[in-house]
Amino acid sequence: MKTLEVNKTSQNGVHSNGVSSNGKSTAVKLAYIDNKPFEIKEGETILSFIRRHEGKDLVPTLCDAPNLEPFGSCRVCSVDVALQEDGAVKTQASCHTPVMQGSYIYPSSDRIQKLRKNIIELVLTDHPLDCLTCEVNNNCELQEVAAKVGVRTVRYPEGKNHLDRKKDLSHPYMTSDLSKCINCFRCVRACDEVQGQFVLSMAGRGFDSHIIKSSNSTFKESDCVSCGACAQACPTSAISDVFESKSIARAETTRTVCTYCGVGCNLEVATVGGKVKSIQAPYDAEVNEGHTCLKGRYAFSFYNHPDRLQTPFIRKNGELVPASWDEAYDYIVNELTRIKKDFGPDAIGGISSARCTNEENYLMQKFIRAVIGTNNIDACARVCHSPTAIGMQRTFGTGAATNSVVDLKFTDCIMVIGANPTDGHPVTGAKLKQFAMKKPSIVIDPRRTEMAKYATIHLQLRPGTNVAMLNMLLYYIIKEHLEDKDFIELRTEGYEDFKQSILKLDVDEMERITGVDRELARKAAILYASAKNAMSFHGLGVTEHSQGTFTVMLIADLAMITGNIGRRGVGVNPLRGQNNVQGTADMGCQPYQGAGYLDVTNPEMHKIYEDFYKAKLPLHVGLKIPQMYKAALDHKFKALWLMGEDVAQTDPNTHHVVAALKELDLLVVQEIFMTETAKLAHVVLPAASFLEKSGTFTNGERRIQRVQQVVEPLKGTKSDGQMIVDVMNRMGYAQADYDPKTLLEEIAKIVPFFAGVKWDELGENGKQWPVLPDGSDTEILHVDTFKRGKGKFAYHDFRESEELLQNGKSFPYIITTNRELEHYNAGTMTRRTKNAEILSEDVLMINPEDAAKHQITEGDMVCVESARGKIDVRARITDEVLPGILSSTFHFPEIRMNDITSSVSDSEAMCPEYKVVAVNIRKSKGKYKV
Ligand code: SF4
C-alpha cells in the first residue's frame, strides 16, 4: 500500500500524508482511482467511494437509486478493478461491490467505456426511440446515460420487441407504459424497500421478463397505495403519473413541507406559469428520504379548486353575503370591542390551528392574550394529542417526542400502541412496517391493523382498556425481574410506591378487562423489556380516551422502568396527527401555558409575558375548547375566533357543538373552503393555503422546517397570519405585517427552546428543538437528566369509561374510529382531489359473527345508534375487528359520525373520547345518511 499524498482526506487533524498532527500514524485506509490514492470509508461500495471523491457523474448508472439498496442488475456502473498496481483487472459492478483497501480502480478505461456502450445499445434494441414525444424527454436517465456513453447508433437488429404493450391509464394518479421498461427493477425495489407494499414484481424469463402489478392486474385493480415511489424511481417513463412529474416542463421547483400529517415530509413542488404541476420527494430530505404518501405527492389540487373562498363574507339578515376586507374587519373590530366592553375579555376566545404555521399560531395566541386580554386560547391539539403533552410533561418535564424516527435504525424492538401508522402517518408507517417485517415488534390495538399483521405479538385489547393492558405489561416486567435497576435508581423518583401498586394488581381481572390472554401479555412484556433498545410509538388510540393522559404516563413509565430513555433507538414517540400540532402547542395555544410552555398563572412567568408583549395579561387560566362550548350555552361566552378548524364536523357530539356555536354573538372563521363551521359564522375570512404562504411547521420529532411559498395566494385571499395582524392593528396594538423571518426573531426571544432558531439557518432539513443560542439543535431529549430533574413514576388504576358505565347496557357494541390512508380528517382537502375517486365512502367494520346475528351482509347499510343519535354506514364485514367491536372512519361528513360520539373526555386534558362509543346496530335502509 502506498503512502503518497492522500487526496481530499484532510480531516480531523489527519495530514494528507497519513500522519496526524501529533506525529502518530493514522492508518488511513486507501484505494486508488486511476492510480490516485483516496481514503476509504467503512462499508463503502466502489460506486459510493468514486462518487464521494470524484463526483457523481464519473460512473453512469441505471439500476441504482439514492434510496434503494445496491442491486447490480444493469452493469452500466461496471469498473475495472486490480488488486495491485499494474495487476490483472477484473470488471465489477461498482454499485454493490465493497471497495477493497489497496485496490486500483479504473472507472473509465477504454474497455469499460466499450462495455457500457454495448449494454446501452442492447437496452435500446427493446426501447422505443420516440424521445421527442416522450413525457420525460430531456429528463430521462436512459437518454442521459446513452449520451454519456456515446451511443449514436444501435448496431444490433431490432428483432422482437415489446412496443405493443398497452398503456395502463386505469388509475387516477399512476400510469404505466411498459414498452419503455428497461427491466432495471427500480420500481419493484421501491415498492418493496421503500413502501413495503410488494405490488410490483417481475414475471417471465429472459426476453419475456416484464413488470406486473399484483397478480397481473392494472394499477387500479392492484393493491397499489398510490405512494408514487415506483414512478419517482423509474429512470424512464415506463411508470409515471398523471402529473408527468418527471417531465422537463417542470420549470421551477420550490422545497416546502407537506400540509397533511405530523410526519412532516419535505416536498419539491414544480410550477409552470405560476401553477403547481407536480410534486416529488427530495432524496436528501432527512424526514422522508425521497418518499411521500399519496396525500403529500398527489393530493394538492384542492389549492386552486373552484370551491376556494376568494372574498370575505358577513352575515346579513341571516345570510352570508360577500363583503370587502374593510367591511369584514370593521364588523369584527366593532363586535369584539362591544363584547369586551359589555361582558369582559373572558367572554371572547380563540381556537388556533395545527394546519397553520408556527408564526400564525404565535400571532393568534398573542392576539387573544395581549389584545383581547384573556387566556381563552386553545387549539385542535385539545382533540388529539393534548394528553400526550400533559402526560409526558408530568413524567419527563417535556411534552414532546424524546427521539427521532431515524432511530429505527438503532432499535431492537418497537411497540406501536393505539396507532395505525400505515394509514395515519404513511411515510413513518412504511418505515415501521419495514422494521416489523425484520425485527421484533408489539402492536397494542383493538383492530388487526396492517401493522398488527406484521407484528411479532398483537395484543388485541377491548377499546378503552389501555391502562389495564399497560399495567399488565409493567406487572410482568417486575415479576420477571426485567427492570433496569440502575436507571431507576439514578434517573427516577416514586418507583417503590409505583412498584407496590403494580404488584397488587389482580391479573385475572386485567385479563378479563382487556380480553387479552395473560401469557401473550407476559411474552410482550419480556420482548420489550429484554430488547437492548426499545422504542414506543403511540397515536390517537392512546390519547382519545377518558384515561388518555394516564395511558401516556404509563407508556413513559414503561420506557423508564426498562431504561429506554436518553439514547439512540429508544424513547417515547407520539405520532402527531396534524402537520403542525406540535408547533401549535409550542407557540402557546393552550389556556394554561403561553408561548414556550411557561405557566400563565405563575406570577414570575406572567411578568415575563407582560413585559414582552407590553400588555396587561390575565393571571388565571382560560377555557379549553369543551369549556368554551359549555360557556356559550350558558350565555357567558359570546365571541369565538376560529382559525382553520371545522369543529362542526370534527368535534364530538355535533348537536352540542352546533348548538353552542349558534349561541355566539360573533363567530369569526378563517377558512379556505365554506365548511360546515364557516356556514354558521358571522364573518368568514378567505385564507391562503400552505402552498401560498411561508412560515414554519414543527413535525412530530420537534423538527422546525421551512414552509416556503410556492405560488401567489389565490386572488382575494390572505395568509391567516396577515388577517390577525390586520385586526391587531385595527384594535390599537402595533404589530408588523406577517413575515416569518421577523416573527421567528420575536419567537426566539420568548420561547426558550427556539432561542437559536433563525429563518436563514434552518436549511433544507430544519432543526430539532431545543435549538440553543449558538444554533445547535437536539436529536434526543433527556440524555443525562430529565427536563424536570428526575423522571416521575405514577401508578394509575384502570377505570371503565363513563360512556360504557352509563350506556353500555342499552348499547352493547363499542364503536371506535380510525383513519384511512386516502383521506385526511373531515376530507375538506382530500375530497377535493382525485383521492375521492380512490376511496369514496366511509364504511363500518363489523365482525362476521355480529353481521350474521343482525342479518347484515357486505355492503348493506347499517344503522348505528348511540345515546346521542343515529347514523347510517355501509357494512364491511371483516375479522379485523373482534365480535362486539365496530370501527369506522369519519372522512365523509355525510355520515355525520360525530352525531353519535360522546362528550366524555380525558379527565386531565379534556381530549374527547372518540375511541369508545357505546352503540347498537341494525340493518337499515340508509335514511340517516345525508
Ligand atoms: Fe404528508 Fe404525512 Fe404523507 Fe408525509 S406521510 S406525505 S407528511 S401526509
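Residues numbered from 1 in each chain as written. Predicted model: local features only at pLDDT ≥ 70, side-chain atom pairs only at ≥ 80, totals over all residues. Heavy atoms only, no water.

Asker: Can you walk me through the overall build of the protein chain in this structure?
Answerer: Assigned secondary structure in the protein chain consists of 29 helices and 35 strands. Relative to the 2.2 N^0.38 estimate, which gives 30 Å for 930 residues, the radius of gyration of the protein chain is 29 Å and therefore close to what a compact globule would have. Projected onto its principal axes, the C-alpha positions of the protein chain cover 90 × 65 × 65 Å. The long-range fraction of contacts in the protein chain, counting pairs at least 24 apart against all pairs at least 6 apart in sequence, stands at 73%. Mean positive and mean negative side-chain charge positions of the protein chain (110 and 118 charges, respectively) differ by 1 Å. (Helix = DSSP H or I, 4+ residues; strand = E, 2+ residues; numbered from the N terminus. Rg over C-alpha atoms; globule rule 2.2 N^0.38 Å. Contact = heavy atoms within 4.5 Å. Lys, Arg positive; Asp, Glu negative; His and termini not counted. Charge placed at Lys NZ, Arg CZ, Asp CG, Glu CD.)

Asker: Explain the sheet that holds strand β16 (residues 377-379) to me, please; I cannot follow it from the model alone.
Answerer: Adjacent strands of a sheet form backbone hydrogen bonds with each other and so pair up, either parallel or antiparallel. Strand order across the open sheet formed by seven strands is β14-β13-β25-β24-β23-β15-β16, with mixed pairing between neighbours. The sheet terminates laterally at β14 (319-322) and β16, the two strands that pair on one side only. For this sheet, the mean angle separating the axes of adjacent strands, direction not counted, is 20 degrees. Where strand β24 (residues 666-671) meets strand β25 (residues 683-686), four bridges bridge the pair, whose relative direction is parallel. From the neighbouring strand, Glu 671 faces β25, where its bridge partner is Pro 686. Of the strands in this sheet, β13 (313-316), β15 (348-352), β23 (639-643), β24 and β25 are in contact with helix α7 (residues 325-343), which crosses β25 at around 135 degrees. Across the sheet, helix α25 (residues 720-730) lies against β23, β24 and β25, angled at about 150 degrees from β23, the strand it touches most. (Pairing = 2+ DSSP bridges. Axes fitted to C-alpha atoms, helices over the stretch in contact; angles between N-to-C directions.)

Asker: What am I meant to see in the site of the ligand here?
Answerer: Residues in close proximity to the ligand include Cys 258, Tyr 260, Cys 261, Val 263, Gly 264, Cys 265, Thr 292, Cys 293, Lys 295, Gly 296, Pro 426 and Val 427, which together make up its full environment. Those elements giving two or more residues to the shell around the ligand turn out to be α6 (294-298) and α11 (426-438). Its residues assigned to classes, the shell around the ligand comprises eight nonpolar, three polar and one charged. (Near = heavy atom within 4 Å. Nonpolar A, V, L, I, M, F, W, Y, C, P; charged D, E, K, R; others polar.)

Asker: Before we go on, may I ask you to explain the pairing of strand β35 (residues 917-923) in this structure?
Answerer: Side chains on a regular strand alternate between the two faces of the sheet. The sheet contact formed by strand β30 (residues 813-817) and β35 spans three bridges and is antiparallel. For Ile 814, the partnering residue across the bridge sits in β35 and is Ala 918. Note that strand β32 (residues 861-865) and β35 share four bridges and pair antiparallel. By the bridge assignment, Glu 865 is partnered in β35 with Asn 920.

Asker: Even after reading the chapter, I still don't get unusual backbone geometry, so can you show me in this structure?
Answerer: With the exception of glycine, the majority of residues adopt a negative phi angle, and the majority of peptide bonds are in the trans configuration. Geometrically, the link from Trp 769 to Pro 770 is a cis peptide bond, its omega value of 0 degrees lying close to zero. For Pro 770, the position within the fold is in the loop between β28 (767-768) and β29 (791-792). Unusually for a residue other than glycine, Asn 138 sits at a positive phi of about 75 degrees. Relative to the helices and strands, Asn 138 is located in the loop between α2 (110-125) and α3 (141-149). Despite not being glycine, Asn 183 shows a phi value in the positive range, around 55 degrees. Within the secondary structure layout, Asn 183 lies in the loop between β6 (174-176) and α4 (186-195).

Asker: For this particular structure, what's the right way to read the confidence of the model for the protein chain?
Answerer: For the protein chain, mean pLDDT is 92; residues scoring 70 or higher make up 96% of the total. Scored below 50 in pLDDT, residues 1-25 shows 42 contacts in the model against residues more than four places distant or in partner chains. (pLDDT = per-residue confidence, 0-100.)

Asker: Could you clarify how one ought to interpret the layout of surface pockets in this entry?
Answerer: Any space left empty among the atoms is revealed by the rolling of a water-sized probe across them. Approximately 1,100 Å³ is the volume attributed to the largest pocket. In this structure, the largest pocket is lined by 47 residues; those nearest its centre are Asn 67, Glu 193, Glu 289, Lys 409 and Lys 431. Counting only elements with at least two residues in the lining of the largest pocket, the list comes to α1 (46-54), α4, α11 and β22 (571-574). With seven residues, the top contributor of residues to the lining of the largest pocket is α11. Looking at the lining of the largest pocket residue by residue, the class counts come to 19 nonpolar, 15 polar and 13 charged. (1 Å grid on protein atoms, 1.4 Å probe; cavity = no way out; pocket = protein on both sides within 12 Å on 5 of 7 lines; lining within 4 Å. Points joined across faces, edges and corners; volume = space filled by probe spheres on them.)

Asker: Would you mind showing me how to read helix α21 (residues 603-613) here?
Answerer: An α-helix turns once per 3.6 residues; consequently, residues spaced three or four apart project the same way. For α21, the full list of buried residues reads His 606, Tyr 609, Glu 610 and Tyr 613. The arc that holds every buried residue of α21, seen down its axis, measures 100 degrees, which confines them to one face. Elements that come into contact with the buried residues of α21 comprise α8 (358-372) and α26 (740-750). Between the side-chain oxygen of the N-cap and the backbone nitrogen of Glu 604 there are 2.9 Å, and the N-cap of α21 in question is Asn 602. Phi turns positive one or two residues past the end of α21, at Lys 614, with a value near 50 degrees. (Buried < 20%, exposed > 50% of the residue type's maximum accessible area, 1.4 Å probe, protein only. Arc of directions from axis to C-beta. Polar contact = N/O pair within 3.5 Å; in protein donor to acceptor, adjacent residues only side chain to side chain.)

Asker: Would you take a moment to explain the pairing of β32 for this structure?
Answerer: Counting buried residues in β32 gives four out of five residues, a clear majority hidden from the surface. For β32 and strand β33 (residues 870-877), the ladder comprises five bridges, and the chain directions are antiparallel. By the bridge assignment, Met 861 is partnered in β33 with Arg 874. A loop of four residues connects β32 with β33, the two strands running antiparallel in sequence.

Asker: Would you mind showing me how to read the packing of helix α9 (residues 386-395) against helix α19 (residues 548-561) here?
Answerer: For any two helices packed against each other, one specifies the crossing angle of their axes together with the interaxial distance. Direction vectors running N to C along α9 and α19 enclose 45 degrees, while the axes themselves pass 8 Å from each other. It follows that α9 is oblique to α19 by the angle criterion. Of the two possible hands of crossing, α9 and α19 adopt the one that is right-handed. For the pair α9 and α19, contact is made by Pro 387, Thr 388, Ile 390, Gly 391, Met 392, Arg 394 and Thr 395 and by Gly 548, Thr 549, Phe 550, Val 552, Met 553, Ala 556, Asp 557 and Met 560, respectively. The class makeup of the residues in the contact of α9 with α19 is eight nonpolar, five polar and two charged. (Parallel < 35°, antiparallel > 145°, perpendicular 65-115°, else oblique. Left-handed = near helix turned anticlockwise from the far one by under 90°.)

Asker: Explanation requested: the packing of aromatic side chains in the structure shown.
Answerer: Aromatic ring pairs: the centre-centre distance and the angle between the two ring planes describe each pair. Inspection of the entire model under this criterion finds 23 aromatic pairs. Through successive ring pairs, a cluster of aromatic residues spans Tyr 173, Phe 243, Tyr 298 and Phe 300. Its guanidinium or amino end placed over the ring of Trp 769, Arg 702 lies 6.0 Å from that ring's centre, counting from NZ or CZ. The ring of Trp 759 carries the charged tip of Arg 706 above its face, separated from the ring centre by 5.5 Å. (Phe/Tyr/Trp six-rings, centres within 6.5 Å; stacked < 30°, edge-to-face > 60°. Lys NZ or Arg CZ within 6 Å of the ring centre and 35° of its normal.)

Asker: What is the right way to look at α4 in this model?
Answerer: Burial analysis of α4 places eight of its 10 residues in the buried class, the great majority of the element. Residues of α4 that are buried include every one of Arg 186, Cys 187, Val 188, Arg 189, Ala 190, Cys 191, Val 194 and Gln 195, and no others. Of the surrounding secondary structure, the elements contacted by the buried residues of α4 are α3, β7 (200-203), β8 (210-213), α5 (229-233), β9 (239-241) and α11. Immediately beyond the C-terminal end of α4, within one or two residues, lies Gly 196, with a positive phi of roughly 75 degrees.

Asker: Which parts of the structure should I look at to understand the pattern of salt bridges?
Answerer: For side chains bearing opposite charge, pairing can occur when the charged atoms are close. Enumeration according to the criterion identifies 54 salt bridges in this entry. In this structure, Arg 832 and Asp 307 form a salt bridge, with 2.9 Å as the shortest nitrogen-oxygen distance. Of the two residues, Arg 832 sits in the loop between β30 and α28 (835-838) while Asp 307 sits in the loop between α6 and β13, which places them 525 residues apart along the sequence. Between Arg 730 and Asp 326 there is a salt bridge, with its nearest N and O atoms 2.5 Å apart. (Salt bridge = Lys/Arg side-chain N within 4 Å of Asp/Glu carboxyl O.)

Asker: Looking at this model, I keep getting lost on empty space enclosed by the protein. Mind explaining?
Answerer: Across all of its chains, the model carries 11 cavities of 30 Å³ or more by this definition. Considered as a void within the structure, the second largest cavity measures approximately 130 Å³ in volume. Along the wall of the second largest cavity there are 17 residues; nearest its centre are Ala 381, Ser 386, Ala 389, Ala 585 and Gln 590. Among the secondary structure elements, those contributing two or more residues to the lining of the second largest cavity are β16, α9 and α20 (581-586). The biggest single contributor to the lining of the second largest cavity is α9, with four residues.

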